[in-house]
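Observations on chain architecture
One letter stands for each residue in the lines below.
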Amino acid sequence: AMVNIVKVAPIAIGAAVAARAIIRRGRGGARAASASTSPPVPPVAKRVPHKVLFGVIEGENRGAKPMDPPVERDDDLFWLRDDDRKDPSIVAHLEAENAYTEAHLAHAQPLAKKVYDEIVGSIQETDDDVPFPWGDKGHTYMVRTVKGKAYPIVVRTLNDKDWETVLDVNEVAAPLKYCSVGAFRPDPSHDILAYSIDPSGYETYEVRFKDLVTGEDLPDVIKGTAGGVSWGHCDASTGHREVYYSTQDDAHRPDKVWRHVIGTDQSADACVLHEPDELFNVGFGRTSSGRFMLIESESTETNEVHYVDITAGPGANQSLVLMEPRRMGHRYYPEHRGEHWFILTNRDGKINFDLVRARLASPSSEHWEKVPGALGGGGEGCDGVGGGNERPFEWSQDRTLESICAFKDFLVLEGREGGVS
């Protein structure tokens, strides 16, 4: 995936919670089994005649070369489809299947309890992860787990002594039947936190905001998102802050990227990019420099990247620029540093990726060039940084480049060579 493209990755809840999930359902099964000694009877779904067409259907995308004319088939279990998950007859059937499963596996509960106790006994339930610095104000963040609580607590400090709570996921989850945290992003000033939660398990998230100075939640709530969120143009002096997020189509495919201004209604949000091709998903994220928002359309083997200069001012002053048009089989992943784009690309048959660069004003592939080395030092240098005695960075068929990250004085490349990372 593209460097810095937001991917939704829920905060880990710890091995203890995972272990607890092993027996949560089983406890109910044990109670059900004690109520009756007769063998459990599996539920049988009713059959309802229904015709389904396979092939060309007007107004629908049925893929490449669908059958024409379409073929009709019987599907007497079609009634079990409920996209809204509210049909009482379907819910009742699923509950009956769950009850049967629990009763059928009731005999395994002693073993499940034993496994659970072994897992919990081997971990430290109250624990602090490794602290990490984040932001320009000198904050150190840390994720903390507490025995008896199912979700993590994110804390931070400025002096390594006085830790303040940034987000207690247990409090967020308290009124919900289900809670999964996706994105977690403080704004550049680290005064406002943007985070997303999935309250249903359907992987549809709502983005919430918290004032880290007062500890109060902001009224802004962005509903129906794909889970990712990234800060755009922010001006702490005026209080103007923008965030980017994406939404999904009816097939749950991320297809649109939006820009939201804090303090405004979601209905006023601007759609920055719409990807109509059903083979492509959209993703987004800031470059390491913080200057550009990268917006990517990506399929299994092809991608295309647009970018927005978020330092140009509020959204009305920003332009969406295409870096390089999509071409079947071509993938490229840009990163910004100084006056150049640094790009990983698999063009010209270099399936394990090459490193090239281009000027900011001319980012298209006809301007891509080798990355020159710098004078002095050892190793291969980039853009006047590091060393290499002016030797350019060379592609090697024995080395795979997987990601790139730009820092003030150097680039970091991650990959594999000789069987090791």
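How each quantity is defined
- Residues numbered from 1 in each chain as written.
- Predicted model: local features only at pLDDT ≥ 70, side-chain atom pairs only at ≥ 80, totals over all residues.
- Heavy atoms only, no water.
- Phe/Tyr/Trp six-rings, centres within 6.5 Å; stacked < 30°, edge-to-face > 60°.
- Helix = DSSP H or I, 4+ residues; strand = E, 2+ residues; numbered from the N terminus.
- Buried < 20%, exposed > 50% of the residue type's maximum accessible area, 1.4 Å probe, protein only.
- Lys NZ or Arg CZ within 6 Å of the ring centre and 35° of its normal.
- Patch = residues over 30% accessible without salt bridge, like charges linked within 9 Å, V, L, I, M, F, W, Y side chains within 5 Å.
- Areas by Shrake-Rupley, 256 points an atom, 1.4 Å probe, with all protein chains shown as cover.
- Salt bridge = Lys/Arg side-chain N within 4 Å of Asp/Glu carboxyl O.
- Pairing = 2+ DSSP bridges.
- Axes fitted to C-alpha atoms, helices over the stretch in contact; angles between N-to-C directions.
- Expected span 1.5 Å × (residues − 1).
- Arc of directions from axis to C-beta.

**Points about the packing of aromatic side chains**
Inspection of every chain in the model, using the stated rule, returns 11 aromatic pairs. Geometrically, the ring pair formed by Trp134 and Phe184 is tilted, given 6.2 Å between the ring centres and 35° between the ring planes. Placement of the pair is Trp134 in strand β4 (residues 132–134) and Phe184 in strand β8 (residues 180–186), with a sequence separation of 50 residues. With a relative accessible area of 27%, Trp134 lands in the partly exposed category. Take Phe184: its relative accessible area is 9%, and that puts it in the buried class. Relative to Trp231, the ring of Phe209 lies with its centre 6.0 Å away and its plane at 70°, an arrangement referred to as edge-to-face. With Phe209 in strand β10 (residues 205–211) and Trp231 in strand β11 (residues 217–235), the pair connects residues that are 22 residues apart, well separated along the chain. Taken as a pair, Phe209 and Trp231 share a single burial class, namely buried. One aromatic cluster is present, built from ring pairs that chain together Phe132, Trp134, Tyr141 and Phe184. Positioned above the aromatic ring of Trp79 is the side chain of Lys46, whose terminal nitrogen or guanidinium carbon lies 4.8 Å from the ring centre.

**Here we look at a nonpolar patch on the surface**
Residues Phe407, Phe410 and Val412 make up a contiguous nonpolar surface patch of about 260 Å² in total accessible area. Take Val412: it is sitting in strand β24 (residues 411–417). Relative accessible area serves as the criterion here: at 37%, Val412 is assigned to the partly exposed category.

**Topic: the sheet that holds strand β17 (residues 303–309)**
Pairing within the open sheet is antiparallel, and its four strands lie in the order β15-β16-β17-β18. In this open sheet, the two edge strands, each paired with only one partner strand, are β15 (281–286) and β18 (320–324). Across the sheet, the axes of successive neighbouring strands diverge by a mean angle of 25°, strand direction being ignored. Sheet topology note: the β17/β18 ladder contains four bridges and is antiparallel. Of the residues in β18, the one forming a bridge with Tyr307 is Val321.

**Some thoughts on helix α3 (residues 109–121)**
In this model α3 runs 18 Å from its N-terminal to its C-terminal C-alpha over 13 residues, within 8% of the 18 Å that 1.5 Å per residue would give. For α3, the set of buried residues is Gln109, Ala112, Tyr116 and Val120. An end-on view of α3 places all buried positions within 65° of arc, on one side of the element. Counted as exposed and oriented over 90 degrees from the buried face of α3: Pro110, Leu111, Lys114 and Gly121.

**Description of unusual backbone geometry**
For the bond from Asp68 to Pro69, the omega torsion is 10°, close enough to zero to count as cis. Considering the arrangement of structural elements, one finds Pro69 in the loop between β1 (51–54) and β2 (71–74). Even without glycine at this site, His190 takes up a positive phi of about 60°. The residue His190 is located in the loop between β8 and β9 (192–198) in this model. Looking at His190, the relative accessible area reads 4%, which means it is buried. You will see that Asp348, though not glycine, has its phi angle at about 60°, which is positive.

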